[in-house]
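# Examining the three-dimensional arrangement
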Amino acid sequence: MTQFSKTLFPGEGESVQIGTTTHTTFKAVGKETDDRIGLFEHRMKPGAPGASPHIHRHQLEAFYVLEGTVEIYIDGEHVAAPAGTYIQVPEDVPHGFHNPFDEEAVMLIFFSPGKNREEYFRRLGALYADGRRASEQELIDLMADFDQFEVEYTGDVPGWGRH
């Protein structure tokens, strides 16, 4: 068993910068929870592209908005989710999120199981480090490595999902 007691105060935890608009701090990671959960604090500046619509075949994902408003796409619907909103996304349900609003948004992202999900965010950050722009193939390959598969989206959301 690799579970143990842990306390992180505000601002604490390993973090990764993703492009110029997003900062993710790992609060609970798979290797510390027997891969049961992953919990990340996700900060998005106004206009942050977030994650394009996708599915997870073997993970439940959930969002809890702490500050601001996040536009969350879930199963064909768009939800403007203000602080205090909780959205749970079962396996195989299309979802995505971004911040098209004029204020910073902060949310918790929960994954179950949480097996090494933080590595996805580390590698995503590396793809956008130092002003670099990831290719579509690099993003598709990265997502496939971590149970994330884009779905076709016919809505008009400029800049959705590309940092």
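Read on for an overview of the structure. Note that the coordinates shown come from a computational prediction; the quantities given were computed from them, not determined experimentally.

### A short note on the overall build of the protein
A tally of regular secondary structure across the protein gives 2 helices and 11 strands. Beginning at the N terminus, the succession of helices and strands in the protein can be written as β-β-β-β-β-β-β-β-β-β-α-α-β. Taken over the C-alpha trace, the protein has a radius of gyration of 15 Å; the compact-globule value for 163 residues is 15 Å, and the two agree within 12%. With respect to the principal axes defined by its C-alpha atoms, the protein has extents near 45 × 35 × 30 Å. Within the protein, buried positions represent 46% of all 163 residues. Pairs at least 24 residues apart make up 67% of the contacts formed inside the protein by residues separated by at least 6 positions.

### Brief notes about the pairing of strand β10 (residues 105–112)
In the sheet, strand β3 (residues 38–44) pairs with β10 via 7 bridges, with the strands oriented antiparallel. When the sheet's bridge partners are listed, Gly38 is paired in β10 with Phe111. Across 7 bridges, the pairing between strand β5 (residues 60–67) and β10 is antiparallel. Note that in β10 the partner of Val65 across the bridge is Met107.

### Digging into helix α2 (residues 136–145)
Among the residues making up α2, those that are buried are Leu139, Leu142 and Met143. All buried residues of α2 fall inside an arc of 100 degrees around its axis, so they share one side. Residues of α2 that are buried sit in contact with α1 (117–127) and β11 (149–150). Remark: Asp147 follows α2 within two positions and exhibits a positive phi of approximately 55 degrees.

### Looking at the pairing of β5
Taken together, the 4 bridges between β5 and strand β8 (residues 86–89) define a ladder with antiparallel strand orientation. Residue pairing in the sheet places Ala62 in a bridge with Gln88 of β8.

### So, the sheet that holds strand β4 (residues 51–55)
Here we have 5 strands laid out as an open sheet, ordered β7-β6-β9-β4-β11, and antiparallel in their pairing. Pairing within the sheet leaves two strands with one partner each, and these edge strands are β7 (77–82) and β11. The sheet contact formed by β4 and strand β9 (residues 95–98) spans 2 bridges and is antiparallel. Each residue of the ladder has a partner; that of Ala51, found in β9, is Phe97.

### Quick notes on the sheet that holds β10
One open sheet accounts for 6 strands, arranged β1-β2-β3-β10-β5-β8; its pairing is antiparallel. Only two strands of the sheet have a single neighbouring strand rather than two, namely β1 (15–18) and β8. Here the average twist between neighbouring strands, direction ignored, is 20 degrees. Of the strands in this sheet, β1, β2 (22–28), β3 and β10 touch α1, which is tilted by about 45 degrees from β1.

### Thoughts on the pattern of salt bridges
Applying the stated criterion across every chain yields a total of 7 salt bridges. The shortest N-O distance in the salt bridge between Arg43 and Glu41 comes to 3.5 Å. Judged by relative accessible area, which is 16%, Glu41 ranks as buried. The partner of Asp145 in a salt bridge is Arg123, with the nearest N and O atoms 2.9 Å apart.

The rules behind each value
- Residues numbered from 1 in each chain as written.
- Predicted model: local features only at pLDDT ≥ 70, side-chain atom pairs only at ≥ 80, totals over all residues.
- Heavy atoms only, no water.
- Helix = DSSP H or I, 4+ residues; strand = E, 2+ residues; numbered from the N terminus.
- Rg over C-alpha atoms; globule rule 2.2 N^0.38 Å.
- Buried < 20%, exposed > 50% of the residue type's maximum accessible area, 1.4 Å probe, protein only.
- Contact = heavy atoms within 4.5 Å.
- Pairing = 2+ DSSP bridges.
- Arc of directions from axis to C-beta.
- Axes fitted to C-alpha atoms, helices over the stretch in contact; angles between N-to-C directions.
- Salt bridge = Lys/Arg side-chain N within 4 Å of Asp/Glu carboxyl O.

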